[in-house]
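Next come the chains, spelled out residue by residue.
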Amino acid sequence: MTPTSPAAPPVEPGGLPSDPDSRYPLGGMPRFGPMLAIIWVVFLVEPFQASFDAPTALLRAVGVVGVLGVATIFALTFLRYRRRPALRPRAAVLLLVVQVVCVALSCLAAQQHGLVGLVFVCVTAIYLVPGRVALVIVGASVVVMVVLPRVLPGWQTEDGNVVGALLASAAVYGFTQVIERNRRLREAQQQVADLAVARERERIARDMHDVLGHSLTVISVKAELAAKLLASAGPEGAASSPTARAAAEVADIQDLARGALADVRGTVAGARRVTLAGELAATRSALDAAGVAAELPGAVDAVPADRRELFAWVLREGTTNVVRHARASRVVVTLTPGSLVVEDDGRGVPGPREEGGGRGLIGLAARARQAGAVLETGPSALGGFRIAVTARDDASPAGARIDP
């Protein structure tokens, strides 16, 4: 589908679609995701029917509620993951606990048929929790499905549930890995696009400075020379003579050329803005050249656009301090949507004021205050120096703040 097609999703700068649903792999997955979830829920028909066949009304009600609870949590988890790729650990644990309780309720009425719900528990775990934890949950579910029917009287073994749990877990794990790798690919593409834009901006600014700046400089110098020649050639006291008027006009040309040259330089300085993605790449290069082990974030997409320039300046200052003054062997840069922290294991102090260390931090503090953030410095947990910038909404009262 071409970008001019009416059905094409809007495109952001850098060539990425702005529609969140179009950012997922496998083409139409987001569109047909709920339908896929409903298809999986069909496998709960057996425990649902078995719950209806329970001997008492109480057991029937408990079993139906349990089966519906398993299905509902699975569907909500599927939709939640599709819209928001990460849940908080507490929310994930709570969903899994509730789903396990629902499986237990369904087993009270449906007996061994209710163990089908553990297949959905395995899939939910793979969606919501890290790989090792999910593997433990899958293993525990398999053990329960194998052991429980063999130790409870009246229950029949259904080892097909074990095979189903293993196959479903493997399939969903592969699916989530595809999503994660596509997400990282999008982040890398966005970073490349940001770097390309920054480089093109710098190229245009450099060309403007080299071509137009040179021409304006020559015009200014020649206008100054012409004004001196006209002033020396004209008779004294003849302010209204053609020569004197020409000298005045040439002087105006010189002033205009100087003003235009100043405007060009100011435009070039404004165009050469630092970018967070570019500073991350420069930091990696500088620390590698200095032989310093670095732990850097892989992407900057989580940081709001209005904070990236400030974070880039702080990262540049922190990198400069490490390379020039810290004598560090390890640097850790932590990046969140509301903060950036640069820590090292060096000697624990910034550069001396006469070398720019103090002035640089004071300037950064002023820049942070203007952007609605707080700059903090102090000892690092690694044993060296720590510099951090935090948005005021996320700032904590602790820390040594620098007020300009």
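Shown above is the structure to which this text applies.
Report on the accompanying structure. (Residues numbered from 1 in each chain as written. Predicted model: local features only at pLDDT ≥ 70, side-chain atom pairs only at ≥ 80, totals over all residues. Heavy atoms only, no water.)

Describing the overall build of the protein chain
1) Next: A tally of helices and strands in the protein chain yields 11 helices and six strands.
2) Next: Relative to its 404 residues, the protein chain shows a buried fraction of 38%.
3) Next: When contacts within the protein chain are restricted to residue pairs at least 6 apart in sequence, long-range pairs at least 24 apart make up 66% of them. (Helix = DSSP H or I, 4+ residues; strand = E, 2+ residues; numbered from the N terminus. Buried < 20%, exposed > 50% of the residue type's maximum accessible area, 1.4 Å probe, protein only. Contact = heavy atoms within 4.5 Å.)

Brief notes about the packing of aromatic side chains
1) Next: By the definition in use, this model includes two aromatic pairs.
2) Next: Ring geometry for Phe48 and Phe52: centres 5.1 Å apart, planes at 70°, overall edge-to-face. Here Phe48 and its partner Phe52 are both found in helix 2 (residues 45-52), four residues apart, which amounts to about one turn of the helix.
3) Next: Taking 5.2 Å as the distance between ring centres and 85° as the angle between the ring planes, the aromatic pair formed by Phe74 and Phe120 counts as edge-to-face. Placement of Phe74 in helix 3 (residues 57-83) and of Phe120 in helix 5 (residues 117-128) is noted, with a sequence separation of 46 residues between them.
4) Next: A relative accessible area of 2% means that Phe74 is categorised as buried. (Phe/Tyr/Trp six-rings, centres within 6.5 Å; stacked < 30°, edge-to-face > 60°.)

Some thoughts on helix 5
1) Next: Between its first and last C-alpha atoms helix 5 spans 17 Å; for 12 residues at 1.5 Å apiece the expected length is 16 Å, and the two agree.
2) Next: Across the 12 residues of helix 5, 12 count as buried, placing the element largely inside the fold.
3) Next: When helix 5 is considered as a whole, its buried residues turn out to be Gly117, Leu118, Val119, Phe120, Val121, Cys122, Val123, Thr124, Ala125, Ile126, Tyr127 and Leu128. (Expected span 1.5 Å × (residues − 1).)

Observations concerning the pairing of strand 4 (residues 373-379)
For a regular strand, the rule is simple: side chains alternate between the two faces of the sheet.
1) Next: Most of strand 4 is tucked away: six of the seven residues are buried.
2) Next: Across seven bridges, strand 4 lies against strand 5 (residues 385-391) in antiparallel orientation. The partner of Glu376 across the bridge, within strand 5, is Ala388.
3) Next: A loop of five residues connects strand 4 with strand 5, the two strands running antiparallel in sequence, and Gly383 in this loop sits at a positive phi of about 105°. (Pairing = 2+ DSSP bridges.)

With respect to helix 4 (residues 89-110)
1) Next: The end-to-end C-alpha distance of helix 4, which contains 22 residues, comes to 31 Å, matching closely the 32 Å that a straight helix rising 1.5 Å per residue would cover.
2) Next: Three or more residues of helix 4 are buried, namely Ala92, Leu96, Gln99, Cys102, Val103, Ser106, Cys107, Ala109 and Ala110. With its buried residues spanning 160° around the axis, helix 4 presents them on a single face. Opposite the packed face of helix 4, turned more than 90 degrees from it, sit the exposed residues Arg90, Leu94 and Leu108.
3) Next: Immediately beyond the C-terminal end of helix 4, within one or two residues, lies Gln111, with a positive phi of roughly 55°. (Arc of directions from axis to C-beta.)

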